Amino acid sequence: MATIKPFKGLRPPKELVEKVASRPYDVLNSEEARAEAEGNEMSLYHIIKPEIDFPVGTDEHNPRVYQKAAENFQMFQDKGWLVQDEKENYYIYAQTMNGKTQYGLVVGAYVPDYMNGVIKKHELTRRDKEEDRMKHVRVNNANIEPVFFAYPDNKTLDALIARYTAQPPVYDFIAPGDGFGHTFWIIDRPEDIEAITREFAKMPALYIADGHHRSAAAALVGAEKAKQNPNHRGDEEYNYFMAVCFPANQLTIIDYNRVVKDLNGLTPAQFLEAVGKNFIVEEKGTEIYKPAALHNFSLYLEGKWYSLTAKPGTYDDNDPIGVLDVTISSNLILDEILGIKDLRSDKRIDFVGGIRGLGELKRRVDSGEMKVALALYPVSMKQLMDIADTGNIMPPKTTWFEPKLRSGLIIHKLE
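Throughout what follows, the structure given in this document is the object of discussion. (Residues numbered from 1 in each chain as written. Predicted model: local features only at pLDDT ≥ 70, side-chain atom pairs only at ≥ 80, totals over all residues. Heavy atoms only, no water.)

**Side note on the sheet that holds strand E16 (residues 296-301)**
Piece 1. Pairing in this open sheet of six strands is antiparallel, and the strands run E15-E17-E16-E19-E14-E18 from one edge to the other. On the outer flanks of this sheet lie strand E15 (279-285) and strand E18 (349-353), each paired with one strand and no other. Direction aside, neighbouring strands of the sheet carry axes that sit 25 degrees apart on average.
Piece 2. Bridge count for strand E14 (residues 256-260) against strand E19 (residues 372-375) is three bridges, and the pairing is antiparallel. The residue bridging Arg258 from the neighbouring strand is Leu374, located in E19.
Piece 3. With respect to the sheet, helix H10 (residues 268-275) is in contact with E15, E16, strand E17 (304-310) and E19, its orientation differing from that of E16 by roughly 170 degrees.
Piece 4. Along the sheet, helix H11 (residues 325-335) makes contact with E14, E15, E16, E17, E18 and E19, crossing E16 at roughly 45 degrees. (Pairing = 2+ DSSP bridges. Helix = DSSP H or I, 4+ residues; strand = E, 2+ residues; numbered from the N terminus. Axes fitted to C-alpha atoms, helices over the stretch in contact; angles between N-to-C directions. Contact = heavy atoms within 4.5 Å.)

Right, dumping it as structure tokens:
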């Protein structure tokens with residue numbers, strides 16, 4: 001069962017939140033962060049992308065860069081750009097995209113729950129990326145950015161959240177660039193705090209939706225601190241890390257698509273013929289074609305869109321991994337025909353989040369940069385939870401969650 005706790009959030013004053021808040025560290029590169037933070041000394045990028053305070057080209061993994069993050073974090077507190085709440089609270093963080101709002105609870109998630117599988121993963125992590133985030137947590141002694149969890153639907157929590165969100169929020173703003181709404185409330189009544197802790201204690205599992213590397217890093221640093229403390233009791237703040245938990249039924253996973261640089265020596269006609277072995281291929285013309293259902297794919301090649309429908313017998317609906325369209329396309333197109341064996345390391349393939357639209361696939365092929373594009377029908381939350389529950393791992397680049405959590409609305413200190 002899931003263990004959570006409230007915490008004393010470190011937050012910007014209301015009038016500064018829009019200056020401090022930023023996109024997550026891993027959705028933009030150093031140059032983009034430098035441009036977004038230009039002229040804004042309060043931008044969280046100075047803490048999560050501190051290489052922007054060094055000359056262009058400085059390695060973001062340089063020890064001086066991590067040290068700069070810690071110096072900037074301290075400066076933000078000294079200047080009152082981040083202020084710690086006096087008592088332990090839970091918080092509500094709502095995001096609005098395309099008229100749809102999802103309501104998340106900001107909690108301290110329990111490190112041992114991550115270690116023993118109560119917090120379930122569906123993706124493999126890379127050690128180098130884990131180590132980068134571990135250094136960032138260690139040097140700041142804080143979880144600067146939240147991770148994104150899903151929890152099983154819960155009517156008691158829905159009602160409690162509805163009660164708070166009927167009140168005026170602490171923060172309410174539209175983020176520049178994406179136009180998504182971000183709204184924030186504090187849950188400070190002791191009986192409500194107890195009710196939330198109690199409801200989570202009934203849940204058999206929480207699910208990492210987005211932020212596998214941040215989750216791993218936060219949990220590993222917490223476990224490391226427990227080991228290093230000869231007087232470790234188990235209730236210290238480092239035993240918890242910051243997560244925003246959303247009810248599974250409110251979340252939308254969008255498609256995560258593929259573009260490939262060449263046809264592995266085949267002509268377009270030979271390639272389509274090879275695809276026809278395992279798929280029903282229908283030409284759809286020049287208008288963008290979006291996959292219509294599970295096991296239906298959209299292919300863009302030489303200015304034309306095609307519908308591909310996997311033939312019966314090419315997948316196993318009883319296998320939680322085998323049933324995924326990402327598995328079908330990886331095995332029967334990318335591997336078998338195009339010779340792409342490892343999605344993580346092959347330089348011939350790239351991935352495009354569905355938030356960019358299928359027009360982005362067309363653009364990259366039409367430009368000559370890529371030869372062929374493949375669009376997939378998105379994975380469902382049920383599929384994700386089934387995979388996590390059975391202890392399976394999804395293939396790389398399967399899920400894309402949108403909107404992303406804004407960083408800088410709240411921070412969790414480990415002391």
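Anyway, onward from the coordinates.
**Examining the nonpolar core**
Piece 1. Among the nonpolar cores identified, the biggest contains 63 residues, and Val106, Phe271, Phe279, Leu308, Leu338 and Met381 are the most heavily contacted of them.
Piece 2. Every residue in contact with Phe279, bar those within four places of it in the chain, is listed here: Phe297, Leu308, Thr309, Ala310, Lys311, Ile328, Leu332 and Ile333.
Piece 3. Counting residues in hydrophobic clusters, the runner-up holds 34 residues, among them Ile4, Ala94, Ala109 and Tyr164. (Core = buried A, V, L, I, M, F, W, Y, C linked by side-chain atoms within 4.5 Å. Buried < 20%, exposed > 50% of the residue type's maximum accessible area, 1.4 Å probe, protein only.)

**A closer look at helix H6 (residues 127-140)**
Piece 1. When the terminal C-alpha atoms of H6 are compared, their 20 Å separation across 14 residues agrees well with the 20 Å that a helix rising 1.5 Å per residue should span.
Piece 2. Regarding H6, the residues found buried are Glu130, Asp132, Arg133, Met134, His136, Val137 and Asn140.
Piece 3. At its buried positions, H6 is contacted by helix H3 (45-48), helix H4 (63-78), strand E7 (142-143) and helix H9 (212-228).
Piece 4. Trailing H6 by a residue or two, Asn141 shows a phi angle of about 50 degrees, which is positive. (Expected span 1.5 Å × (residues − 1).)

**Thoughts on the packing of H6 against H9**
Piece 1. Look at H6 against H9: their axes get within 8 Å of each other, and the N-to-C directions meet at 55 degrees. Judged on the interaxial angle alone, H9 and H6 are oblique. Our pair here, H6 against H9, has a crossing hand that is right-handed. Touching Arg127, Lys129, Glu130, Arg133, Met134, Val137 and Arg138 of H6 are His213, Arg214, Ala216, Ala217, Leu220, Val221 and Glu224, all from H9.
Piece 2. Here the contact of H6 with H9 is built from residues that sort into six nonpolar, one polar and seven charged. (Parallel < 35°, antiparallel > 145°, perpendicular 65-115°, else oblique. Left-handed = near helix turned anticlockwise from the far one by under 90°. Nonpolar A, V, L, I, M, F, W, Y, C, P; charged D, E, K, R; others polar.)

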